[in-house]
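The lines below spell out each chain.
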Amino acid sequence: MTVYDQLATSILDGKPATEDDALAVLRAHDDELIEVVAAAGRLRREHFGNTVKVNYLVNLKSGLCPENCNYCSQALGSTADILKYKWLNTDEALEQAAAGLKGGATRVCMVSSGRGPTNKDVDRVADMVGSIKSEHPDVEICACLGLLKDGQAERLRDAGVDAYNHNINTAESHHDQIVQTHTYADRVDTVTKAKTAGLSPCSGLIAGLGESDEQLVEALFALREMESDSIPVNFLMPFDGTPFENTWELTPARCVKILAMARFVCPDREIRIAGGREMHLRSLQAMALHVANSIFLGDYLTSEGQAAEADLELIRDNGFVVLGAQPDTEEASRVVSRDPEKRRRGAGTTAVPNA
């Protein structure tokens, strides 16, 4: 039995992981990656079986944000070439949400840029939520609108919102290096407001922001202490035109170990592979699914993801099922017929070889 198996057994026996345990997982040698994943996978299957929760993002308002979060393509001072637009109307939001649900998502994450919503903005989102739930009563709605004022979480709850996302993004000890227009305490306060109002708290982090191993651990233990039900783990996407452009600190193996550490620290929480999945995990996306139990389908806020069908294929090919999907035994057992693509390059042709 490996040390990681021993750790998993200890956690299953009711002994929470310590900060030293988390550091050991994060600092595991790449040669031990399969052992780490196998042990973390025991915890994943204990609490989530072979299901994967599929989430879909709807960016209700893009860009034009007054906050200076250094990692963000929508932030004040960013010159990143992204879509910028004001609020979608209710019909547009409904159309976007319906597309994600048709693709297999069971949770729609409704996001807007900005420091935080006005009461008028909250009413606008409440109307959208009402329309979506009237047509799709079983869908989960997670709102992500920035810093909340008193009473706004309750208004969202009454409108049918199920969860509220507000990421702490990084450790408290590293926060001021990343953003100066609001504090770490501001972020924690919003998560607390959402939780107190009866909304499921969703809060996660971004890896690759120049943080130390200890600060990654600090952030995860803060999320455990905050009792975040859902923990999105983002990997920095270094957009040109932001202070973090050309910042590449992550490897695919490192990203898997970060996800595994999250599973060891928060074994029964939803661990979601979020932004940067395709860019940083690359060929290890499948391995990461054996640790995490949730992904975003398709595109993100300002960047494109891989094809939605490729996401669903990734889930199926690894023996997982989409949480909430209706079983279709005929479809599940059907072998998809694909005509091999004929070679038309390299030897015997005038086209350059694929090398």
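To be clear, the structure that these remarks concern was listed above.
Values in this document were obtained by computation on a predicted structure and should not be read as measured data.

K.L.:
Sorry, what's going on with the overall build of the protein chain here?
P.N.:
Counting its secondary structure elements, the protein chain contains 14 helices and 10 strands. Scaling as 2.2 N^0.38, a compact globule of 355 residues should have a C-alpha radius of gyration of about 20 Å, and the protein chain matches this with 21 Å. Across its three principal directions, the C-alpha atoms of the protein chain cover 65 × 50 × 45 Å. Counting only residues that meet the buried cut, the protein chain has 54% of its 355 residues in that class.

K.L.:
Sorry if this is basic, but what is going on with the side chain of Ser-113 here?
P.N.:
With respect to the secondary-structure elements, Ser-113 resides in the loop between strand E2 (107-112) and helix H5 (119-135). For Ser-113, the side chain forms a polar contact with the main-chain oxygen of Gly-63, separated by 2.7 Å. With near-sequence residues (within four places) excluded, Ser-113 lies in contact with Lys-61, Ser-62, Gly-63, Cys-65 and Gln-74.

K.L.:
Help me understand helix H6 (residues 152-159), please; the structure alone is not making it clear to me.
P.N.:
Residues three or four positions apart in an α-helix share a direction because the helix packs 3.6 residues into each turn. Within the span of H6, buried status applies to Gln-152, Ala-153, Leu-156 and Ala-159. Down the axis of H6, the sector holding all buried residues measures 125°, keeping them to one side. Just beyond H6, the residue with positive phi is Gly-160, at close to 115°.

K.L.:
Sorry, what's going on with unusual backbone geometry here?
P.N.:
Of all residues except glycine, most have a negative phi; of all peptide bonds, most are trans. Of note in the backbone geometry, Asn-246 takes a positive phi value of approximately 65° without being a glycine. Residue Asn-246 is classed as exposed on the basis of its relative accessible area, which comes to 60%.

K.L.:
Would you take a moment to explain the packing of helix H3 (residues 33-48) against helix H10 (residues 252-265) for this structure?
P.N.:
For any two helices packed against each other, the geometry is given by the interaxial angle and the distance between the axes. Contact geometry of H3 with H10 gives a least axis separation of 9 Å together with a crossing angle of 40°. When the interaxial angle is binned, H3 and H10 end up oblique. Between H3 and H10 the crossing geometry is left-handed. Mapping the contact onto sequence places Leu-33, Val-36, Val-37, Ala-39, Ala-40, Leu-43, Arg-44 and Phe-48 in H3 and Ala-253, Val-256, Lys-257, Ala-260, Arg-263 and Phe-264 in H10. Across the contact of H3 with H10, the residue classes break down as 11 nonpolar, no polar and 3 charged.

K.L.:
Where do I start with the nonpolar core in this structure?
P.N.:
Among soluble globular proteins, nonpolar side chains are generally buried collectively. With 92 residues, the main nonpolar core has Phe-235 and Phe-264 as its most contacted residues. For this core, the leading source of residues is H10, giving 10 residues. Not counting residues up to four positions away in its chain, the partners in contact with Phe-264 are Tyr-4, Leu-7, Ala-8, Ile-11, Ala-17, Val-25, Val-36, Ala-39, Ala-40 and Leu-43. Within the second largest apolar cluster, 10 residues are counted, among which are Cys-109, Val-111, Cys-202 and Ala-274.

K.L.:
Sorry if this is basic, but what is going on with the pairing of E2 here?
P.N.:
Two faces, one strand: in a regular strand the side chains alternate between the faces of the sheet. Taking burial as the measure, the 6 residues of E2 include 6 buried ones, the bulk of the element. Taking every second residue as pointing to the same face, both faces of E2 are buried, with Arg-107, Cys-109 and Val-111 on one and Val-108, Met-110 and Ser-112 on the other. Of the strand pairs in this sheet, strand E1 (residues 51-61) and E2 are connected by 6 bridges, and their pairing is parallel. From the neighbouring strand, Asn-59 faces E2, where its bridge partner is Val-111. Tracing the backbone out of E1, into helix H4 (residues 90-102) and back to the parallel element E2 gives a crossover that is right-handed. Strand direction decides the pairing type here: E2 and strand E3 (residues 140-144), joined by 5 bridges, are parallel. Following the sheet pairing, Cys-109 is matched in E3 by Cys-142.

K.L.:
Can you walk me through the pairing of E1 in this structure?
P.N.:
Counting buried positions along E1 gives 11 out of 11 residues, so the element sits mostly inside the fold. As paired elements, E1 and strand E10 (residues 321-322) share 2 bridges and run parallel to each other. Across the sheet, Thr-51 pairs through a bridge with Val-321, a residue of E10. Bridge analysis of E1 against strand E9 (residues 294-296) gives 3 bridges, and the strand direction is parallel. Residue Lys-53 lies in a different strand from E9, and its bridge partner there is Ser-294.

K.L.:
Help me understand the side chain of Asp-213, please; the structure alone is not making it clear to me.
P.N.:
With respect to the helices and strands, Asp-213 occurs in helix H9 (residues 213-226). Only 2.9 Å separates the side chain of Asp-213 from the side chain of Arg-27, close enough to count as a polar contact. Residue contacts for Asp-213: discarding those within four places in its chain leaves Leu-23, Leu-26, Arg-27 and Arg-254.

K.L.:
What is the right way to look at the pattern of salt bridges in this model?
P.N.:
Per the stated rule, a full pass over the model turns up 22 salt bridges. Here Arg-269 and Asp-268 are joined by a salt bridge, their closest N and O atoms 3.4 Å apart. When its relative accessible area of 16% is taken as the criterion, Arg-269 is described as buried. Judged by relative accessible area, which is 44%, Asp-268 ranks as partly exposed. Put simply, Lys-53, Arg-107, Glu-140, Glu-270 and Arg-272 are held in one network by salt bridges that share partners.

K.L.:
Any chance you could explain H4 here in plain terms?
P.N.:
Given a rise of 1.5 Å per residue, 13 residues ought to cover 18 Å, and the 18 Å separating the end C-alpha atoms of H4 matches this to within 8%. Along H4, the residues that are buried comprise Ala-93, Leu-94, Ala-97, Gly-100 and Leu-101. With its buried residues spanning 125° around the axis, H4 presents them on a single face. Turned more than 90 degrees off the buried face of H4, the exposed positions are Asp-91, Glu-95 and Lys-102.

So, how was this worked out
Residues numbered from 1 in each chain as written. Predicted model: local features only at pLDDT ≥ 70, side-chain atom pairs only at ≥ 80, totals over all residues. Heavy atoms only, no water. Helix = DSSP H or I, 4+ residues; strand = E, 2+ residues; numbered from the N terminus. Rg over C-alpha atoms; globule rule 2.2 N^0.38 Å. Buried < 20%, exposed > 50% of the residue type's maximum accessible area, 1.4 Å probe, protein only. Polar contact = N/O pair within 3.5 Å; in protein donor to acceptor, adjacent residues only side chain to side chain. Contact = heavy atoms within 4.5 Å. Arc of directions from axis to C-beta. Axes fitted to C-alpha atoms, helices over the stretch in contact; angles between N-to-C directions. Parallel < 35°, antiparallel > 145°, perpendicular 65-115°, else oblique. Left-handed = near helix turned anticlockwise from the far one by under 90°. Nonpolar A, V, L, I, M, F, W, Y, C, P; charged D, E, K, R; others polar. Core = buried A, V, L, I, M, F, W, Y, C linked by side-chain atoms within 4.5 Å. Pairing = 2+ DSSP bridges. Right-handed = clockwise from strand over helix to strand, strands pointing away. Salt bridge = Lys/Arg side-chain N within 4 Å of Asp/Glu carboxyl O. Expected span 1.5 Å × (residues − 1).

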